[in-house]
Structures are given as C-alpha cells and as structure tokens.
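These are the residues of each chain, in order.
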Amino acid sequence: MAIALLFGVFVVLLVIGVPVAFALAAASLATLFYLGLPSVVLVQQVGAGIGTASLIAIPLFIFAGEIMMRGGISERLIALASALVGRIRGGLGQVSILSSLFFGGVSGSAIADVSAVGGTMIPQMVKRGYDRDFAVNVSITAALVALLVPPSHNLILYSAAMGGGISIADLFAGGILPALLMTLVLMVTGYFVARRRGYGVEAFPGLRAVLVRLLAALPGLGLVALIFVGIRAGIFTAVESAAVAVLYALLVTTVLYRQLRLREFLETVTHAARTTGVILFVIATAALFGWLLAYLQVPAAAVNALQSFADSPQMVLLLIVVLLLLLGIFMDLAPMILICTPIFLPVARAYGIDPIHFGMVLVLAGGLGLVTPPVGSVLFVGTAIGKISIGESLRSIWPFWLAGLAVLLVVAFWPPLSLWLPALLRG
C-alpha cells in the first residue's frame, strides 16, 4: 500500500501539472505520514541528498558554461563548424549539429546547447530559406549530444545517484564514442532530409579561413581537454576541475576575447544561480523519494519482477529501455536519473551489465524524453526560439527522433561502444 501511495501521488501530481520537485516532495511526505515515520527523516534525507561533495561540480560547471555562452565562445565554435561541414547538403543544419558537439563539450548541458547554438543558428537558417520546423528539429535533437560529452552534468548526477564506485573520468570517457556516433547519425539524417527538401550548401571559405577559425575556437575547445585530461590524469578531482573551468572561462572571455562585460557577467551569475537552485531542489526531493524506495525494498522487487519476464541481459536491457522511454515522456532527465538509478541499476548489475554501460543507456533514453512532450524542456526552448508551435515541430521531427532511438539501441546492445575507451584509458 505504501508503494502504491508513493507512486500514485507522484503520478497524479505530474498529470495535473505540478512541478516534478514538488510532486516528489508531496508523494514522499504523504508516504512518510502513512508509514508513521518521524518527520525528522524528511529533513535528514533532504540534507543528505544535497550534501554529497561531488555535487559541488554541478553549479560550477553550469557557471562555466554560462560564462562561455555569453563570452563569445559559441560564435567562434559555430564559425569553425561552418568552415568544416558547411559544404555538406543542408549546410547550416550540419553546422548546427557539429556546433552542438563542440559547445556541448563546453557547457555539458542540452538546455544551454540549444539556447546558445539554436539561438544563433535557427534564425540564420530561417533567414537563408530553411523551413522553421527543420531548423528547430535539427537544433533540439543535436543538443542531446551535450548529455554525453564532458563535462556532462547528468553523468555527474548519475555518479552521485549510484553512490560512487565508478569514477567520473570513466563516465566521461564512456560517453565520448556514443556522442560521436549520435553526431554522425544526425548529420546523415540531416543530409537526407535536406536533400529531399532541396536545401543548398554553404561556400567553402578556404583552408586559410579554416585554420584561422580553428585558432580562434581553440581556447573554447581547450576547456574540454582541460577538464577531461585533468580528471583522467588524476591532476584534480571533478569538483576541482569545475572550479578550474570557471577560472579558465573567465580568463578566456574577459582577457582573450574581451566580450564578457559587467552586464553580461551579472546576467550570467543570475541565470546560473537560478538554474542551480532548480537542480538542487530536484536533487534534494529526489533523494528523499529514493530513500523511501530503498526503505520499501522497491529495487529488490524490481529485480524479482524483471527476472520473471527476462532470462538474459539483452532482454532485461530491452525492457529497461522501453520503461525509460515511457518515463521520459512524463519526467525531466535529472529526477529521472535520481529515481531510476536506485531502481534499475541493481537489476542491471544482477545481470552482469556494467554500470558505465547502463549509465549511457539511462542518459540517452532520458535525453529522448527532452524532445518529447509533455515535459520536453529542450523541445520547448527550441520551438520558442524558432517561433513555431510544438505541433509543427512534432509533425516532422520523427526522422531525427528515430535516428536518436537507433543510436540508443546501438549503445544498449553493443556495450564496447561505451566500455572500450574507459578500459583503454585505464591501461
């Protein structure tokens, strides 16, 4: 009865439009009262949920990404991408996809990616004669690449939700090849859609221009190398790397590029603080929800239930992927990671599925929910930038969504794609 109450209240509140964090808190509180547990448990678990030292990296990476976005990095990355892939059919669409890979490595956030790259590329594509739905759909699906490349906030969140045991450096390494595959598949999809619609290509600026744009973008791309190599080599921890990223971003945007003025800096601080507050509130309430799941032995029940349906790791993964895709329709990615990790990770481990591999599956499946209504935050941001309705976007997004689904299935059923690079770098 307690499990039914916990999930029932949560689902009902989500359906009527209550924000996820408040729905998690209300469902947890109702279950605590039903079980007769002391109310101090709520305070203890909420405090414990946001008391993990590794979570300090999240607001710092958010701050660094905001600085880079407002300090001139996105324009230089887009210029580099234009020089490299603008000659491919649907040139500006290809530029948007490759720019998302570059900027995702700077921000680690799909929302920041579609805001920065989409905010620049969508109006440009519309001005050049591209249909608005194509411009929006390319930008929002390309933003999913940011979920996998360092410094992905969601992989840090997954590490915290699983209680440690896996280094963040290994998780960052595990996301690189899936991110590159997602970029390639989306570019191929964009090519065929652009060819069918008769879109043109961009003029090649010449090798000299490519070199100049590469040199201009190198300081921004250097942030990715600084974070990944620093953590991988053991020079600093994830939290320390986030602090270094903030200092690096400030130096690049104020001293080298000289584009981050006082007004932009204050806007950056305000926006980063607001985003951090939202994320930490979700983490705190999800921690209480997750503690109740463990108290009620839901993970053990999930293992037993899936064992009755499946007799192989592949079948278990298929069932989990289906469940995650369904949950992603109604739940944002951060609470989904915090809630689903303690439920499904024990199941995955029971069938010998590596936690790094499972993390990539979880983040990718939840990421597809970000471009799916009714709570697809990336979809909402992209359509707002493109000034089209969600319905207009959804009518033609299916080739890109299916491309993302294909990548998810490849990642799920070909574990070496996620595990080879971490193993290689560990030596």
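Per an unreviewed UniProt entry, the protein chain goes by the name TRAP transporter large permease protein and belongs to Luteimonas marina. We quote the UniProt Function (unreviewed entry) comment for the protein chain here in full: "Part of the tripartite ATP-independent periplasmic (TRAP) transport system." Reading the Subunit (unreviewed entry) entry of the UniProt record for the protein chain gives the comment "The complex comprises the extracytoplasmic solute receptor protein and the two transmembrane proteins."

A. Representation of the overall build of the protein chain in the model. Summing up its helical and strand segments, the protein chain has 21 helices and 0 strands in all. Taken along the three principal axes of its C-alpha coordinates, the protein chain extends 70 × 45 × 45 Å. When each of the 427 residues of the protein chain is scored for burial, the buried share is 53%. At a minimum sequence separation of 6, the contacts of the protein chain that also span at least 24 residues come to 79%. Per element, the accessible surface of the protein chain, about 17,100 Å² overall, is 69% carbon and sulfur. When the 21 positive and 14 negative side-chain charges of the protein chain are each reduced to one mean point, those points stand 10 Å apart.

B. Structural detail: the packing of helix H10 (residues 168–197) against helix H20 (residues 398–413). Orientation of H10 relative to H20, taken along the N-to-C sense of each, is 150 degrees, at an axis distance of 9 Å. Here H10 is positioned roughly antiparallel relative to H20, judged by the angle of their axes. Like other packed secondary-structure pairs, H10 and H20 cross with a definite hand, here right-handed. From H10, Pro178, Leu181, Met182, Val185, Leu186, Thr189, Gly190 and Val193 reach across to H20, where they touch Pro399, Phe400, Ala403, Gly404, Val407, Val410 and Val411. The residue makeup of the contact of H10 with H20, split by class, is 12 nonpolar, 3 polar and no charged.

C. How the structure looks around the packing of aromatic side chains. Within this structure, the stated rule accounts for 10 aromatic pairs. For the ring pair Phe134 and Phe400, a centre distance of 6.2 Å and an interplane angle of 65 degrees mean the geometry is edge-to-face. Placement of Phe134 in helix H8 (residues 132–142) and of Phe400 in helix H20 is noted, with a sequence separation of 266 residues between them. In terms of burial, Phe134 and Phe400 fall into one category: buried. Members of the aromatic cluster, joined through ring pairs, are Tyr130, Phe134, Tyr199 and Phe400.

D. Helix H9 (residues 153–161), seen in detail. With 7 of 9 residues buried, H9 lies mostly within the body of the structure. Those residues of H9 that fall on the buried side of the exposure criterion are His153, Asn154, Leu155, Ile156, Leu157, Tyr158 and Ser159.

E. A look at the packing of H10 against helix H11 (residues 207–232). Interhelical geometry of H10 versus H11 gives an angle of 130 degrees and a closest axis separation of 9 Å. With respect to H11, the axis of H10 lies oblique. The handedness of the crossing between H10 and H11 is left-handed. Where H10 approaches H11, its residues Ala169, Asp170, Phe172, Ala173 and Ile176 are matched on the opposing element by Ile227, Phe228, Ile231 and Arg232. Classifying every residue of the contact of H10 with H11 gives 7 nonpolar, no polar and 2 charged.

F. A look at the side chain of Ser100. Relative to the elements of secondary structure, Ser100 occurs in helix H6 (residues 91–107). Ser100 sits in the buried class, given a relative accessible area of 1%. Reaching out from Ser100, the side chain makes a polar contact with the backbone oxygen of Ser96 at a distance of 3.0 Å. In this view, Ser100 contacts Asp113, Val117, Ala142 and Ala143; residues no more than four positions away in its chain are not counted.

G. Just a nonpolar patch on the surface, in detail. Taken together, Met315, Leu318, Val322, Leu323, Leu326, Leu409 and Phe413 make up a surface patch of nonpolar side chains, about 550 Å² in accessible area. Looking at the nonpolar patch, the elements with two or more residues in it are helix H15 (313–330) and H20. For the nonpolar patch, the leading source of residues is H15, giving 5 residues. Structurally, Val322 can be placed in helix H15.

H. Examining H8 more closely. Burial analysis of H8 places 10 of its 11 residues in the buried class, which makes it a mostly covered element. Those residues of H8 not exposed but buried are Asp133, Phe134, Ala135, Val136, Asn137, Val138, Ser139, Ile140, Thr141 and Ala142.

I. Looking closely at the environment of Arg132. As for its position among the elements, Arg132 is in helix H8. At 2.8 Å, the side chain of Arg132 forms a polar contact with the backbone oxygen of Gly386.

J. How the structure looks around the pattern of salt bridges. One pass over the structure, following the stated rule, counts 3 salt bridges. The closest approach of N and O atoms between Asp133 and Arg197, which form a salt bridge, is 3.0 Å. Of this pair, Asp133 sits in helix H8 while Arg197 sits in helix H10; the two residues are 64 residues apart in sequence, bridging distant segments of the chain. You can call Asp133 buried: its relative accessible area is 16%. Taking the relative accessible area as the measure of exposure, Arg197 reaches 27% and is therefore partly exposed.

K. A look at the side chain of Thr285. Tracing the sequence through the fold places Thr285 in helix H13 (residues 262–295). Excluding anything up to four places from it in sequence, Thr285 contacts Ala21, Leu24, Ala25 and Ser28.

L. Representation of the environment of Phe102 in the model. Note that Phe102 resides in helix H6. On the basis of relative accessibility, which here comes to 15%, the residue Phe102 falls in the buried class. Apart from the residues within four sequence positions on either side, Phe102 is in contact with Leu77, Leu80, Ala81, Leu84 and Leu221.

Reading guide: rules and limits
Residues numbered from 1 in each chain as written. Predicted model: local features only at pLDDT ≥ 70, side-chain atom pairs only at ≥ 80, totals over all residues. Heavy atoms only, no water. UniProt positions renumbered as here; feature names shortened; annotations may be inferred. Helix = DSSP H or I, 4+ residues; strand = E, 2+ residues; numbered from the N terminus. Buried < 20%, exposed > 50% of the residue type's maximum accessible area, 1.4 Å probe, protein only. Contact = heavy atoms within 4.5 Å. Areas by Shrake-Rupley, 256 points an atom, 1.4 Å probe, with all protein chains shown as cover. Lys, Arg positive; Asp, Glu negative; His and termini not counted. Charge placed at Lys NZ, Arg CZ, Asp CG, Glu CD. Axes fitted to C-alpha atoms, helices over the stretch in contact; angles between N-to-C directions. Parallel < 35°, antiparallel > 145°, perpendicular 65-115°, else oblique. Left-handed = near helix turned anticlockwise from the far one by under 90°. Nonpolar A, V, L, I, M, F, W, Y, C, P; charged D, E, K, R; others polar. Phe/Tyr/Trp six-rings, centres within 6.5 Å; stacked < 30°, edge-to-face > 60°. Polar contact = N/O pair within 3.5 Å; in protein donor to acceptor, adjacent residues only side chain to side chain. Patch = residues over 30% accessible without salt bridge, like charges linked within 9 Å, V, L, I, M, F, W, Y side chains within 5 Å. Salt bridge = Lys/Arg side-chain N within 4 Å of Asp/Glu carboxyl O.

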